[in-house]
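Chains, contacts and geometry: an overview
These are the residues of each chain, in order.
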Amino acid sequence: MRRSIAVAASGALILLACGESQRDVVDEFLTATKNRDLATLAKVSIVGFPGEVQSWRIARVTAPREELFDLTEAQRKLNN
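Numbering of residues begins from 1 in every chain and follows the order in which that chain's sequence is written. In keeping with the model being predicted, local features are shown solely for residues with a pLDDT of at least 70 and side-chain atom pairs are shown and tallied solely at 80 or more, while totals for entire chains, interfaces and linings include all residues. As a convention, hydrogens and water are excluded, and side-chain values are obtained from all of the structure's heavy atoms.

With that settled, consider the overall build of the chain. Helix and strand labels come from DSSP, where a helix needs a run of H or I of at least four residues and a strand needs a run of E of at least two; each type is numbered from the N terminus. Helix and strand content of the chain: four helices and zero strands. Helices and strands appear in the chain in the N-to-C order α-α-α-α. Split into buried and exposed, the 80 residues of the chain put 18% on the buried side. Throughout, a contact is declared for two residues whenever any of their heavy atoms are within 4.5 Å. Sequence separation of 24 or more characterises 54% of the internal contacts of the chain that already satisfy a separation of 6 or more. A 1.4 Å probe rolled over the protein chains alone gives each residue an accessible area, and that area as a share of the maximum for its type sets the label: buried under 20%, exposed over 50%, partly exposed in between.

So, on to the pattern of salt bridges. Throughout this description, the term salt bridge denotes a Lys or Arg side-chain nitrogen within 4 Å of a carboxyl oxygen of Asp or Glu. Counted according to the given criterion, the structure contains two salt bridges. As a salt-bridge pair, Arg65 and Glu67 come within 3.5 Å of each other at their nearest N and O atoms. By relative accessible area, which is 58% here, Glu67 ends up exposed. Close ionic contact of Glu73 with Arg76 constitutes a salt bridge, the shortest N to O distance being 2.4 Å. Separated by three residues within a single helix, Glu73 and Arg76 lie in helix H4 (residues 71–79), roughly one turn from each other.

Peptide bonds are trans in most cases, and residues, glycine excluded, mostly fall at negative phi. Unusually for a residue other than glycine, Arg36 sits at a positive phi of about 55 degrees. Looking at Arg36, the relative accessible area reads 72%, which means it is exposed.

Before going further, it helps to examine the side chain of Thr40. With respect to the secondary-structure elements, Thr40 resides in helix H3 (residues 38–44). The class of Thr40 is buried, set by a relative accessible area of 18%. Here a polar contact means two N or O atoms within 3.5 Å. Within protein one must be a hydrogen donor candidate and the other an acceptor candidate, and residues neighboring in sequence count only if both atoms are side-chain atoms. A polar contact is formed between the side chain of Thr40 and the side chain of Asp37, at a distance of 2.6 Å. What Thr40 contacts, discounting residues up to four positions off in sequence, is Glu28 and Ala32.

Geometry of aromatic contacts follows a simple scheme: Phe, Tyr and Trp rings, the Trp one being its six-membered ring, pair when their centres are within 6.5 Å, and the pair is stacked under 30 degrees between planes, edge-to-face over 60, tilted otherwise. According to the stated counting rule, one finds zero aromatic pairs in the structure shown. Placement of a charge over a ring requires the Lys NZ or Arg CZ to be within 6 Å of the ring centre, with the centre-to-atom vector within 35 degrees of the ring normal. The ring of Trp56 has Arg23 sitting right over it, with the charged end atom 4.6 Å from the ring centre.

Our next topic: helix H2 (residues 23–34). The span expected for a helix works out to 1.5 Å for each residue beyond the first. The first and last C-alpha atoms of H2 sit 16 Å apart over twelve residues, in line with the 16 Å expected at 1.5 Å per residue. Every buried residue of H2 is accounted for by Val26, Phe29, Leu30, Ala32 and Thr33. Mapping the buried residues of H2 onto a view down its axis gives an arc of 165 degrees, with all of them on the same face. Pointing more than 90 degrees away from the buried face of H2 are the exposed residues Asp24 and Lys34. Taken from the residues just after H2, Arg36 is the one with a positive phi, measuring 55 degrees. The arc in question is the one traced by the directions running from the helix axis out to the C-beta atoms.

Any functional reading would require information that these geometric values do not contain.
Structure (structure tokens):
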């Protein structure tokens, strides 16, 4: 259950952070998840979205930023 919540949160962040140029990638990801197309899904993600998405829109576009991902912290959050 916690893993599903984390995956859903990650998916939501992707949708919030993307711009028009990434729209096709997100569409491909959601379509592959819906169709259980693991080959296509493997091109754009290591996980599928936990459930069916009826529709989506870009809420806002932010400036790109780079930061290190704290894998230890993410693992701790998943385990708690």
